[in-house]
Structures are given as C-alpha cells and as structure tokens.
Amino acid sequence: MSQSDQISVSLEKITKPQHSSFHTGIYKQPYFSGAWHYHPEIELLSITEGYGKRLVGDHVDQFEPDDLVLLGGLLPHAWIPDKSFLKEGSGKFCESIYVQFNKEIFGSFFVSVPELKGVRKALSYSERGLKITGKHKTEINFLLREIPKLNPFDQLIQLLKILNLISLSNYELLVSENYLKKSFYFKSNRMLKIHEFLMENYKKEIHIETCAEIANMTVSSFCRFFKNETNTTFSNYLNSIRIDVSKKLLANTDYAIKEIGFECGYNSTPYFNKQFKKLVGYTPFQYRKNHIHSI
C-alpha cells in the first residue's frame, strides 16, 4: 500500500449502538489512517498513544499522548501519524478514546437549565474546535477513558460531568472565524446532501447529471439551484473541494505531487497543476516550497 492510499476524505457515517444515544469507543491501530473527514456529531477525543500532526479545519498542530479536543459537528479533521508509524514492523501503535454525540441527546431541558449554561457555551465554541488545557485536563482524560467500560446510563452521566469540567477549563480555539463562516452552512437540506456526496466521492469522476438526480432535478434546474445556493458553479465548487484537500496534503505530508493530485481526483498532473494555480495563485510545487520556508 502506498502512502497516498492512506489518505482520503469522507463524510463519516456514525452508527450508535442499540440502547445508547451516542457512540463511544477505543481506536487502536498501528497508525491513524490520516483520513480527512467530518460528521454531524460533536466529537470528544483523547490521544492515549501516538504522535504526529492534527488537522482541524484550517488549523494544524502537533498531537501527542494526552492531547484532548472537542470538535463541533461538520468540522473537518484528521490525525496524520508521524512517518515512523508507517514503517513495517515498527512495533508502534496509535490509540485514541472518543465519544461522538449530538447535543439533542440531552433533551429540551438542555436549553433552559441554568446549571448547564457553561456546557452550552463550551458546545457552542466547539464549532471552532477546542483544545482542552488547564488544571481539569487530567481529570477529563481519566473520566473519558472510563466511559467505554460503563453501562449506557452511566456513560451519559459521565459525559455530562466531562462537559461541565470542559466548561470550567482553559481551552484554545483552533479554527479561524473566517474558515467557519464559509464552511458547511447551506440554505437547504438538499444542498447539504449534494455536499456530502461530493465529500464522499470527490476522488472519483463525478458527473453533474448524477448530482442533479440526487437533487431530483433536471440538469438545467440543478445548475440554477446550485448557483443560487453557493454563488458559484458546480465545477468550481468541486474544484475548490479538491484543491482545499490538496493544499493540506502538500503542507503536511511529503507525498509526491502526482500522488496528491490523484488522491484529489485529478488523473492528469498537468491539469491538477493548472487548476491549483488557477485557484491558489501558485503551482503545487511553489505552494509546498513556500509553506516549508514559512515554518
């Protein structure tokens, strides 16, 4: 398997277990997949083993054991392991413990109970991604690591305790306001479905007729609808998704430019270079070179 096979972008479909309103678990593999993905659920995640780069929206930082983040729904993210984890027979492994949930699981009382004011504020800020720091971080990590061992009722109580501690903690906002304003806010559920389809399939050849069919429209009606929803054309929107991902791979991996172009849906390297320069103003090679010099 080449390194380029280990990077993908997708909408992650989360299935809750029976008799539970949210999903929790332990992820343990020789390395994190590095998949750039998002999901409607809020995610609380603690790293127990491994190190590398954490990507959240337009923010990049290092991750290591005890790294603790709270990420709002629909916020793209990825954990790219250090290259040493990819070596065969390294003996290393990456592990995280996570909880994925919708705030609606707390019911209608959530919006009015005074005691939950801090929790509501923390969940609101999670739209930009929170890196938890400060004196409560150790306790939060401990409580989170106990959650998979508990029964569903106690898991819910434990989650509320954790969220309350987060509201009392210091935390760092990760994603810029400008990134948040231009991401994942659509006028209709129909447009959201189209966006999800593009995020899941952008590596493949995508025909506008397929998307029009998903939207239950003729092609001409779909083009007008799409322009009204996004203020751009379908082809420009798809290119923006592909180039946005390629920028992250160029800046945060040493994968060959040809591999990155292929990973982002471009079968022709010259065409990838052309589209990249059109949107970014630099060739992929120049972009990577400038990024390295700016570090």
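Residues numbered from 1 in each chain as written. Predicted model: local features only at pLDDT ≥ 70, side-chain atom pairs only at ≥ 80, totals over all residues. Heavy atoms only, no water.

Observations concerning the nonpolar core
Counting residues in hydrophobic clusters, the biggest one holds 50 residues, and the most contacted among them are W79, L198 and F222. The leading source of residues in this core is helix 8 (residues 234–252), at 9 residues. Contacts of L198, omitting those with residues within four sequence positions, involve I206, C211, F234, Y237, L238 and I241. Counting 25 residues, the second-largest nonpolar core is a separate cluster that includes F106, L130, L144 and I162. (Core = buried A, V, L, I, M, F, W, Y, C linked by side-chain atoms within 4.5 Å. Buried < 20%, exposed > 50% of the residue type's maximum accessible area, 1.4 Å probe, protein only. Helix = DSSP H or I, 4+ residues; strand = E, 2+ residues; numbered from the N terminus. Contact = heavy atoms within 4.5 Å.)

Quick notes on unusual backbone geometry
With phi around 80 degrees, D66 is a residue other than glycine that occupies positive phi space. For D66, the position within the fold is in the loop between strand 6 (59–63) and strand 7 (68–71).

Thoughts on the pattern of salt bridges
All told, the structure shown has 7 salt bridges when counted by the stated rule. The salt bridge involving D67 is made with R54; its shortest N-O contact spans 2.9 Å. Taken together, the residues D67 in the loop between strand 6 and strand 7 and R54 in strand 5 (residues 52–56) connect sequence positions 13 residues apart. A single burial state applies to D67 and to R54, both of which are buried. We note a salt bridge from K131 to D61, for which the minimum N-O separation is 3.6 Å. With K131 in strand 10 (residues 130–133) and D61 in strand 6, the pair connects residues that are 70 residues apart, well separated along the chain. On the basis of relative accessibility, which here comes to 19%, the residue K131 falls in the buried class. On the accessibility criterion, D61 (22% relative accessible area) is partly exposed. In the salt-bridge network here, residues are joined through shared partners; they are R54, D61, D67 and K131. (Salt bridge = Lys/Arg side-chain N within 4 Å of Asp/Glu carboxyl O.)

With respect to the pairing of strand 10
Here strand 7 pairs with strand 10 via 2 bridges, running antiparallel. For V69, the partnering residue across the bridge sits in strand 10 and is K131. Here 4 bridges tie strand 10 to strand 11 (residues 170–173), and the two strands are oriented antiparallel to one another. By the bridge assignment for strand 11, L130 is matched with L173. (Pairing = 2+ DSSP bridges.)

Topic: the packing of helix 1 (residues 117–125) against helix 3 (residues 152–168)
Orientation of helix 1 relative to helix 3, taken along the N-to-C sense of each, is 80 degrees, at an axis distance of 8 Å. As far as their axial angle goes, helix 3 and helix 1 are roughly perpendicular. Between helix 1, through G118, V119, A122 and L123, and helix 3, the contact on the second element is made entirely by L163, N164, I166 and S167. Looking at the contact of helix 1 with helix 3 residue by residue, the class counts come to 5 nonpolar, 3 polar and no charged. (Axes fitted to C-alpha atoms, helices over the stretch in contact; angles between N-to-C directions. Parallel < 35°, antiparallel > 145°, perpendicular 65-115°, else oblique. Nonpolar A, V, L, I, M, F, W, Y, C, P; charged D, E, K, R; others polar.)

Quick notes on the packing of aromatic side chains
Throughout the structure, instances matching the rule amount to 13 aromatic pairs. Residues Y125 and Y171 carry aromatic rings whose centres are separated by 6.2 Å and whose planes lie at 65 degrees to one another, so their mutual orientation is edge-to-face. Of this pair, Y125 sits in helix 1 while Y171 sits in strand 11; the two residues are 46 residues apart in sequence, bridging distant segments of the chain. Look at Y171 and you get partly exposed, because its relative accessible area is 23%. (Phe/Tyr/Trp six-rings, centres within 6.5 Å; stacked < 30°, edge-to-face > 60°.)

Topic: the environment of K83
Topologically, K83 is positioned in the loop between strand 8 (77–81) and strand 9 (94–101). A sequence separation of 170 residues divides K83 from T253, and the C-alpha atoms of the two residues are 9.1 Å apart.

Regarding the sheet that holds strand 7
Reading across from one edge, 2-9-4-7-10-11 is the order of the 6 strands in this open sheet, with antiparallel pairing throughout. One side of each edge strand has no neighbouring strand; the edge strands of this open sheet are strand 2 (23–29) and strand 11. Adjacent strand axes in the sheet meet at a mean angle of 20 degrees when their direction is disregarded. Of the strand pairs in this sheet, strand 4 (residues 42–49) and strand 9 are connected by 7 bridges, and their pairing is antiparallel. Within strand 9, the position partnered with L45 by the bridge is Y98. Strand contacts of helix 1: strand 4, strand 7, strand 9, strand 10 and strand 11, with the helix running at about 25 degrees to strand 11, the strand carrying the most contacts. Helix-sheet contacts for helix 3 involve strand 2, strand 4, strand 7, strand 9, strand 10 and strand 11, and the interaxial angle to strand 9 is about 100 degrees.

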